[in-house]
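# Structural description and commentary
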Amino acid sequence: MSNLDTFVQSSRPAPSVVATSQEIRDRGSIFVGSVYRATSPEEAKAALHYHKHVVHAGKDVYEISAWRCMVLKPGRTGLSGPDDFELRTGFDDGGEQWAGSKILKIMQTEGVIDAIVIVSRWFGGTLLGPTRFRHVETCAGEVCRKFNKVVETEESIQTLSTLDDLLATLREELNALRSGPSTSEARTVTGGTPSMKKAHDYSAVRDTLDLSKAKRLIHARESAIQVVKSLIAKHKSEDK
């Protein structure tokens, strides 16, 4: 059974690469970085295995990697806050001595957590000396920055979705106040419910990693929420 068949038949989904770097070519050698999500060292090693034996199956490649994962301490639940967690790190030189620790240092500098970074090197037959480490670091740095941008974009979209729900709820409350108690009473008698909240489509922001647009939208939602809250407070004070 092939390695791909093993992953296909496994109950867990195959790891998905989050970002890749530009290729660096130097005297026949090729370097390229990849980053996967990994919330535990076990997930990191599974992603490395997948990258080696599925993505690059049958290829003669050095797979240099490092991971940083925030995990629960033994016996903890996570309900007590940050003290329940610990950062576990590791690296694998993948046949390129001293290279794995250099990736780990880049991850620490860029603040990447819950990920494994893999730099693949196809050896071109010419020894590169210390230059090879610079190429490894360049590829690792590029995917770390891309990973952080993906994470920040996802967090911004999650914030937007929360703000959208809050704004929709506040607008319903404001509309009820403007309509007066008769509308609310009629709604109760007929069993009517407020209109369904329509989810906004942020796929374009996610696909383009347009953080500046996401931040503008967050600012706009926060401003709209403050305006609606002020109008609600005004209506309530007038009804007293």
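Residues numbered from 1 in each chain as written. Predicted model: local features only at pLDDT ≥ 70, side-chain atom pairs only at ≥ 80, totals over all residues. Heavy atoms only, no water.

## Some words on the overall build of the protein
Across its full length, the protein carries 7 helices and 6 strands. Each helix and strand of the protein, ordered N terminal to C terminal, gives the series α-β-β-β-α-β-β-α-β-α-α-α-α. Looking at the protein residue by residue over its 240 residues, the buried ones come to 36%. Within the protein, counting contacts between residues at least 6 apart in sequence, those at least 24 apart form 72% of the total. Surface summary for the protein: the accessible area is close to 14,300 Å², and the carbon and sulfur share equals 52%. (Helix = DSSP H or I, 4+ residues; strand = E, 2+ residues; numbered from the N terminus. Buried < 20%, exposed > 50% of the residue type's maximum accessible area, 1.4 Å probe, protein only. Contact = heavy atoms within 4.5 Å. Areas by Shrake-Rupley, 256 points an atom, 1.4 Å probe, with all protein chains shown as cover.)

## Here we look at the nonpolar core
Counting 23 residues, the largest nonpolar core has V35, I103, M107 and V117 as the members making the most contacts within it. Contributing elements (two or more residues each) for this core: strand 3 (29-37), strand 4 (62-72), helix 3 (99-110), strand 6 (115-122) and helix 4 (131-179). Of all the elements, helix 4 adds the most residues to this core, at 7 residues. Filtering out sequence-adjacent residues up to four positions away, I103 remains in contact with I64, S65, A66, V117, V119, V136 and A140. Grouped together as the second largest cluster of nonpolar side chains are 14 residues, L160, L163, L170 and Y202 included. (Core = buried A, V, L, I, M, F, W, Y, C linked by side-chain atoms within 4.5 Å.)

## Observations concerning the packing of aromatic side chains
Here the structure, examined in full by the defined rule, presents 0 aromatic pairs. Positioned over the ring face of F133 is K102, at 5.0 Å from the centre of the ring. (Phe/Tyr/Trp six-rings, centres within 6.5 Å; stacked < 30°, edge-to-face > 60°. Lys NZ or Arg CZ within 6 Å of the ring centre and 35° of its normal.)

## Focus: helix 2 (residues 41-55)
Taking 1.5 Å per residue as the helical rise, helix 2 with its 15 residues ought to reach 21 Å, and the 20 Å between its terminal C-alpha atoms agrees with that figure. Along helix 2, the positions that sit buried rather than exposed are P41, A44, A46, A47, L48, Y50, H51 and V54. (Expected span 1.5 Å × (residues − 1).)

## So, the side chain of S40
With respect to the secondary-structure elements, S40 resides in the loop between strand 3 and helix 2. Under the relative-accessibility criterion, S40 is labelled buried at 15%. For S40, the contacting residues outside a window of four places in its chain are C69 and V71.

## Overview of the environment of I24
For I24, the location among the structural elements is in strand 2 (residues 24-26). When the C-alpha positions of I24 and C139 are compared, they lie 7.9 Å apart, and in sequence the two are 115 residues distant. If near-sequence neighbours (up to four positions away) are discounted, I24 is found in contact with S29, I30, F31, H135, T138 and C139.

## Observations regarding the confidence of the model for the protein
Overall, the predicted model of the protein reaches an average pLDDT of 89, with 88% of residues at or above 70. With pLDDT under 50 throughout, residues 183-193 is counted as low confidence; its partners more than four residues away or in other chains account for 4 contacts. (pLDDT = per-residue confidence, 0-100.)

## A closer look at the packing of helix 4 against helix 7 (residues 211-239)
Between helix 4 and helix 7, the shortest axis-to-axis distance is 9 Å and the interhelical angle comes to 20°. When the axes of helix 4 and helix 7 are compared, the pair comes out roughly parallel. The crossing of helix 4 and helix 7 is left-handed. Here the residues of the contact of helix 4 with helix 7 are counted per class, giving 16 nonpolar, 4 polar and 12 charged. (Axes fitted to C-alpha atoms, helices over the stretch in contact; angles between N-to-C directions. Parallel < 35°, antiparallel > 145°, perpendicular 65-115°, else oblique. Left-handed = near helix turned anticlockwise from the far one by under 90°. Nonpolar A, V, L, I, M, F, W, Y, C, P; charged D, E, K, R; others polar.)

## A few points about a nonpolar patch on the surface
Judged by side-chain polarity, M70, L72, F85, L87 and I113 come together as a nonpolar surface patch covering roughly 360 Å² of accessible area. Sorting the residues of the nonpolar patch by element identifies strand 4 and strand 5 (85-92) as the ones contributing at least two each. (Patch = residues over 30% accessible without salt bridge, like charges linked within 9 Å, V, L, I, M, F, W, Y side chains within 5 Å. Salt bridge = Lys/Arg side-chain N within 4 Å of Asp/Glu carboxyl O.)

## Let's talk about the layout of surface pockets
For the second largest pocket, the calculated volume is near 190 Å³. Together, R12, P13, A14, P15, S16, Y36, R37, E42, E43, A46 and A47 line the second largest pocket. Residue contributions to the lining of the second largest pocket peak at 4 residues, all from helix 2. Considering only residue class, the lining of the second largest pocket consists of 6 nonpolar, 1 polar and 4 charged. (1 Å grid on protein atoms, 1.4 Å probe; cavity = no way out; pocket = protein on both sides within 12 Å on 5 of 7 lines; lining within 4 Å. Points joined across faces, edges and corners; volume = space filled by probe spheres on them.)

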